[in-house]
Amino acid sequence: MKRTISTLVNNSSGVLNRITGLFARRHYNIESITVGVTENPSVSRMTFVVVVDTMNNIEQVLKQLHKQVDVLKVKDITDESIIARELALIKIVAFPEQRGEIAALVNTFRAQTIDIGRESMTLQVVGDHEKVEALIDLLRPYGIKELARTGETALSRSSKKVLADPNRLSLIN
Amino acid sequence: MSTKTKKQELVVNIENQEAPKVLSGSGMLIEALAKENVEVIFGYPGGAILPTYDEIYKTGIRHILARHEQGAIHAAEGYARVSGKPGVCVVTSGPGATNVVTGIADAMIDSLPLVVITGQVAKTVIGTDAFQEADMLGITMPITKHNFQVRSVEEFPRIIKEAFHIATTGRPGPVLIDLPKDVSQDSGLFDYSGDVNLPGYQPTVIPNRQQIRKLAEAVTQAKKPVILAGAGILHAKASEYLYEYVEQQQIPVVNTLLGLGNFPGNHELHLGMAGMHGTYAANMALHEADLLINIGARFDDRLTGKLDFFAPNATIAHIDVDPAEIGKNIETQIPVVGDAKEALKMLIAEQGEQADHADWKASLQLKKTDFPLWYKQEDETIKPQHLIEKIYQKTKGEAIVTTDVGQHQMWSAQFYKFDKPNRWVTSGGLGTMGFGFPAAIGAQIAEPQSTVVSIIGDAGFQMTLQEMSILQELNLPVKIVIVNNASLGMVRQWQQLFHGERYSNSLFPIQPDFVKLAEAYSIKAMKVEELKDMESAIEEMLAHDGPVLMDCRVAQEENVYPMICPGKGHHEMEGIRP
């Protein structure tokens, strides 16, 4: 199962290495990871998507993260009301006669065309994981020349409504 | 912060006012070590750490010069284990630093507080593969509780302060400070007055009262409770509270390997060590218990045996200062995050009437007397168990015993009964050969008046025997007992049991003359080959007031029993009877 973990860490060099090293040596499978500085310049937010077998596994991931001196806060936000987004840049084969058709696709997905070449187009899409996947799937028949995508980044919604079992993860959160 | 505390702080500051001094990075280190009450450094000099060694020369701080960095760090571990204070180890960059990696990993898994300072090449050449450069931050990230590289001399005092704080609080562990040479030479203002401010590091010391109540209730209701007492009790200095609690509630106690000594080994309710080579009574207690109270142990696989069969009928309660240990290997019904001492204090206060489990106690007592640890002394060949039993008797159980890993370690754990805390120094988690002897040096430095016996195998001794130089130099009265079976005993045992008696590279047909070796280091030495000489040799060894090496030739084919074979559960022990 996939879980989204949001973490606040000290914004100092080597912290990303520390965290990913922890994942690697304990055999936790990271699907994606995004990092960026927060409203506080000395703090960064990391968002991970990890794949685990059981809830006990995710609890162990959280506890191990929590043990790191540079980790200020760690939370599994999967079951909370969150806003999660990822971004993809997709360069596809597109001859001039196909551009209109692709533009229609792009509109439906509220994606954007950000570059057009003689025989190619580059699109940008922002959305949750499924939306990005869906668009890539649709574009695949045209021929994907290059693809770059970020991991997921996420925040809790302003109006918080916790769906998770409050007794779970009570040891650290 | 309220105005009041601010004011108080101001007063304190004025009273203790000390004009901040301008010091070099190395000077700061020495000054900070004094402020942390560090009495001794274990180390080895080299290029990148030379400015620090110059400062050691000038200030005359006590420094123990090992003959290999591995010796220095294991000595620091032994010192930390016995004294309860952080062991400090200073080495140079590159090979000096990589030589302490084993000791750091050992300290990490056994939760020993260490502050390791490694020299580093100058900042200007970091990353250029300079002479004696190694990425110690990267190398030690997975095996330290935390590590630092000092980027500027201004931040150095704060880093040292944080390092000692992190190493010694919560679950103790090793902290590494990588110190570039130019930083150790730069000058800055030395201000050591501030508080440690680590928002991401706040160990929970005081347990949740509700959880303690839940545990107390479970104890009252349990018919077959058992306490699994681990090394966390030693780290928290909670032995007397454990004793008080056990006396109050009359709950049987089993120890982990590293927890030995946290509860009197001769107590009626003590069932011995549990695990792969534990006692039958201890393992069956875990197997039959309806409530298992783990205090400060991490459910290591050598203790649990196959998890499917572990404590099948028990409600599991786990007290640990490190929340990540709770539920890591064994699902826990009553988790208690906190320091063992605080938890036991609260439990003692919370716990009401003592429940009656006389039947349970009696049945375990019967197992204890019916299935004691055993060996057969048939002829003049010395049985290693007999040797250790005799050392136990002759030292009246009061020696500090250090070991490596393997057969001699298990026999020591089985046949030396520890009544007091911090007398037992062994490499449990990492299982490090070469640990025991240098650790004995650190233990002897921590307690100069105590008898320190290093019981080690002939193979492990050969990994760090050069540290006999320290014994010679300081006339440390460490007693080295080589349980010499001319083999890698435990490897040989496993090859016999699980690899069709194919003894691949585990036998030593040629042995060095250990007596001559010791004599080369001006250490009194003796070789004991027959049983009739054993007792007098032990007496002679203990009577001598300097270091002694006793090379004791024991039966090569002897195996450690009883045993839980890999993949088996506690109830499937083999070799419980002669």
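Residues numbered from 1 in each chain as written. Chains lettered and ligands numbered in written order. Predicted model: local features only at pLDDT ≥ 70, side-chain atom pairs only at ≥ 80, totals over all residues. Heavy atoms only, no water.

1. Details of the overall build of chain B
So, step 1. Broken down by element type, chain B carries 24 helices and 20 strands.
So, step 2. Here the C-alpha radius of gyration of chain B, 25 Å, is about what a compact globule of 578 residues would show, namely 25 Å.
So, step 3. Buried positions account for 59% of the 578 residues belonging to chain B.
So, step 4. Intrachain contacts of chain B at a sequence separation of at least 6 include 75% that bridge at least 24 residues.
So, step 5. Here chain B has roughly 22500 Å² of accessible surface; of this, 50% comes from carbon and sulfur atoms. (Helix = DSSP H or I, 4+ residues; strand = E, 2+ residues; numbered from the N terminus. Rg over C-alpha atoms; globule rule 2.2 N^0.38 Å. Buried < 20%, exposed > 50% of the residue type's maximum accessible area, 1.4 Å probe, protein only. Contact = heavy atoms within 4.5 Å. Areas by Shrake-Rupley, 256 points an atom, 1.4 Å probe, with all protein chains shown as cover.)

2. What to know about the overall build of chain A
So, step 1. Secondary structure assignment for chain A yields four helices and nine strands.
So, step 2. In chain A, the order of α-helices and β-strands from amino to carboxyl end is β-α-β-β-α-β-β-α-β-β-α-β-β.
So, step 3. Across its three principal axes, chain A shows a C-alpha extent of roughly 60 × 35 × 30 Å.
So, step 4. For chain A, the residues scored as buried account for 40% of the 173 residues in total.

3. Some remarks on the interface of chain B and chain A
So, step 1. Between chain B and chain A, the residue contacts involve 20 residues of the former and 18 residues of the latter.
So, step 2. A combined buried area of about 1500 Å² lies between chain B and chain A, and 56% of that area is made up of carbon and sulfur atoms.
So, step 3. Per-residue buried area on chain B facing chain A is highest for Met141(B), His146(B) and Gly200(B); these three make up 32% of the total on that side.
So, step 4. Here chain B and chain A share one salt bridge between them.
So, step 5. Measuring nitrogen to oxygen at the nearest pair gives 2.7 Å for the salt bridge that ties Lys67(A) to Asp322(B).
So, step 6. On inspection of chain B and its partner chain A, the count reaches six residue pairs in polar contact (both at pLDDT 80 or more).
So, step 7. Secondary structure elements with two or more residues in the side of chain B that touches chain A: β6 (146–149) and β14 (334–337) of chain B.
So, step 8. Within the side of chain B that touches chain A, the residues separate by chemical class into 11 nonpolar, three polar and six charged. (Buried area = accessible area lost by both parts, 1.4 Å probe. Salt bridge = Lys/Arg side-chain N within 4 Å of Asp/Glu carboxyl O. Polar contact = N/O pair within 3.5 Å; in protein donor to acceptor, adjacent residues only side chain to side chain. Nonpolar A, V, L, I, M, F, W, Y, C, P; charged D, E, K, R; others polar.)

4. Notes on the sheet that holds strand β4 (residues 87–91) of chain B
Sheet strands pair by backbone hydrogen bonding; their relative direction is either parallel or antiparallel.
Residue and element names in this part refer to chain B.
So, step 1. Sheet architecture is open: six strands sit in the order β3-β2-β4-β5-β7-β6, paired in parallel fashion. Strands at the two margins of the open sheet, each flanked by one partner only, are β3 (63–65) and β6. Recorded for the sheet is a direction-independent mean angle of 20 degrees between the axes of neighbouring strands.
So, step 2. Both strand β5 (residues 114–120) and strand β7 (residues 174–180) contribute to a ladder of seven bridges, which runs parallel. The residue bridging Gln-120 from the neighbouring strand is Pro-180, located in β7.
So, step 3. The strands touched by helix α6 (residues 101–109) are β5 and β7; relative to β7, the strand with the most contacts, the crossing angle is about 145 degrees. (Pairing = 2+ DSSP bridges. Axes fitted to C-alpha atoms, helices over the stretch in contact; angles between N-to-C directions.)

5. Quick look at the pattern of salt bridges
Residues and elements named next belong to chain A.
So, step 1. Applying the stated criterion across every chain yields a total of 37 salt bridges over all chains.
So, step 2. Its salt-bridge partner being Asp-76, residue Arg-3 comes within 2.9 Å of it at the nearest N-O pair. Of the two residues, Arg-3 is situated in strand β1 (residues 2–10) and Asp-76 in strand β4 (residues 71–76); the sequence distance between them amounts to 73 residues.
So, step 3. The buried category is assigned to Asp-76, whose relative accessible area is 6%.

6. Topic: unusual backbone geometry
Across the chain, the bulk of peptide bonds are trans and the bulk of non-glycine residues have phi less than zero.
Residue and element names in this part refer to chain B.
So, step 1. Residue Pro-562 is bonded to the preceding Tyr-561 through a cis peptide linkage, with omega at -5 degrees.
So, step 2. Inspection of the secondary structure puts Pro-562 in the segment after β20 (548–553).
So, step 3. Residues other than glycine seldom take positive phi values, yet Asn-505 does so here, at roughly 55 degrees.
So, step 4. Of note, Ser-522 is a non-glycine position whose phi angle comes to about 60 degrees, a positive value.
So, step 5. Given the relative accessible area of 56%, Ser-522 is considered exposed.

7. Observations regarding the pairing of strand β5 (residues 82–93) of chain A
All names here are of chain A.
So, step 1. Of the two faces of β5, only one is covered, namely that formed by Ile-82, Ala-84, Glu-86, Ala-88, Ile-90 and Ile-92; the face formed by Ile-83, Arg-85, Leu-87, Leu-89, Lys-91 and Val-93 stays uncovered.
So, step 2. Bridge count for β5 against strand β8 (residues 144–149) is five bridges, and the pairing is antiparallel. By the bridge assignment for β8, Ile-92 is matched with Ile-144.

8. Looking at the packing of helix α2 (residues 25–35) of chain B against helix α3 (residues 50–59) of chain B
Residues and elements named next belong to chain B.
So, step 1. Following both chains from N to C, one finds α2 and α3 inclined at 50 degrees, their axes separated by 8 Å at the closest point. It follows from the interaxial angle that α2 and α3 lie oblique. Our pair here, α2 against α3, has a crossing hand that is right-handed. For the pair formed by α2 and α3, the contact residues are Ser-26, Gly-27, Leu-29 and Ile-30 on the first element and Pro-51, Thr-52, Glu-55, Ile-56 and Thr-59 on the second. (Parallel < 35°, antiparallel > 145°, perpendicular 65-115°, else oblique. Left-handed = near helix turned anticlockwise from the far one by under 90°.)

9. A few points about the packing of aromatic side chains
Residue and element names in this part refer to chain B.
So, step 1. For the structure shown, the criterion picks out 14 aromatic pairs over all chains.
So, step 2. Between Phe-299 and Phe-310, the ring centres sit 5.4 Å apart and the planes meet at 75 degrees, which makes this aromatic pair edge-to-face. A residue pair is termed long-range when its members are at least 10 positions apart, and Phe-299 in the loop between β12 (291–295) and α14 (301–304) and Phe-310 in the loop between α14 and β13 (315–320) qualify at 11 residues. Across the pair, Phe-310 and Phe-299 agree in class, each one buried.
So, step 3. Measuring from ring centre to ring centre gives 5.1 Å for Trp-494 and Phe-498, while their planes differ by 75 degrees; the resulting arrangement is edge-to-face. Linking Trp-494 with Phe-498, this pair stays in helix α22 (residues 489–498), spanning four residues, or about one helical turn.
So, step 4. An aromatic cluster is built from Tyr-392, Tyr-416, Phe-418 and Trp-424, whose rings are joined through pairwise contacts.
So, step 5. Directly above the aromatic system of Tyr-192 lies the positively charged group of Lys-161, at a separation of 4.8 Å from the ring centroid. (Phe/Tyr/Trp six-rings, centres within 6.5 Å; stacked < 30°, edge-to-face > 60°. Lys NZ or Arg CZ within 6 Å of the ring centre and 35° of its normal.)

10. Looking at the sheet that holds β20(B)
Residue and element names in this part refer to chain B.
So, step 1. Spatial strand order, β16-β15-β17-β18-β20-β19: six strands in an open sheet with parallel pairing. One side of each edge strand has no neighbouring strand; the edge strands of this open sheet are β16 (424–426) and β19 (524–528). In this sheet, neighbouring strand axes are inclined to one another by 15 degrees on average, regardless of whether the strands run parallel or antiparallel.
So, step 2. Bridge count between strand β17 (residues 452–457) and strand β18 (residues 479–484): five bridges; the pairing is parallel. Within the sheet, the bridge partner assigned to Gly-457 lies in β18 and is Val-483.

11. Some remarks on the side chain of Ser487(B)
So, step 1. By secondary structure assignment, the location of Ser487(B) is in the loop between β18 and α22.
So, step 2. Those residues in contact with Ser487(B) that lie beyond four places of it in its chain are Asp458(B), Ala459(B), Arg492(B), Ser506(B), Leu507(B), Phe508(B) and Gln556(B).

12. Some details on the pairing of strand β2 (residues 29–37) of chain A
Residue and element names in this part refer to chain A.
So, step 1. Across eight bridges, the pairing between β2 and strand β3 (residues 43–51) is antiparallel. If you follow Thr-34 over to β3, its bridge partner there is Thr-47.
So, step 2. In textbook terms, the turn of a hairpin is the stretch between consecutive antiparallel strands, and for β2 and β3 this stretch comprises five residues.

13. Describing α22(B)
Each turn of an α-helix holds 3.6 residues, which means side chains three or four residues apart point in the same direction.
Residues and elements named next belong to chain B.
So, step 1. When α22 is considered as a whole, its buried residues turn out to be Gly-489, Met-490, Arg-492, Gln-493 and Gln-495.
So, step 2. Along its buried surface, α22 packs onto α18 (407–415).
So, step 3. Taken from the residues just after α22, Gly-500 is the one with a positive phi, measuring 55 degrees.

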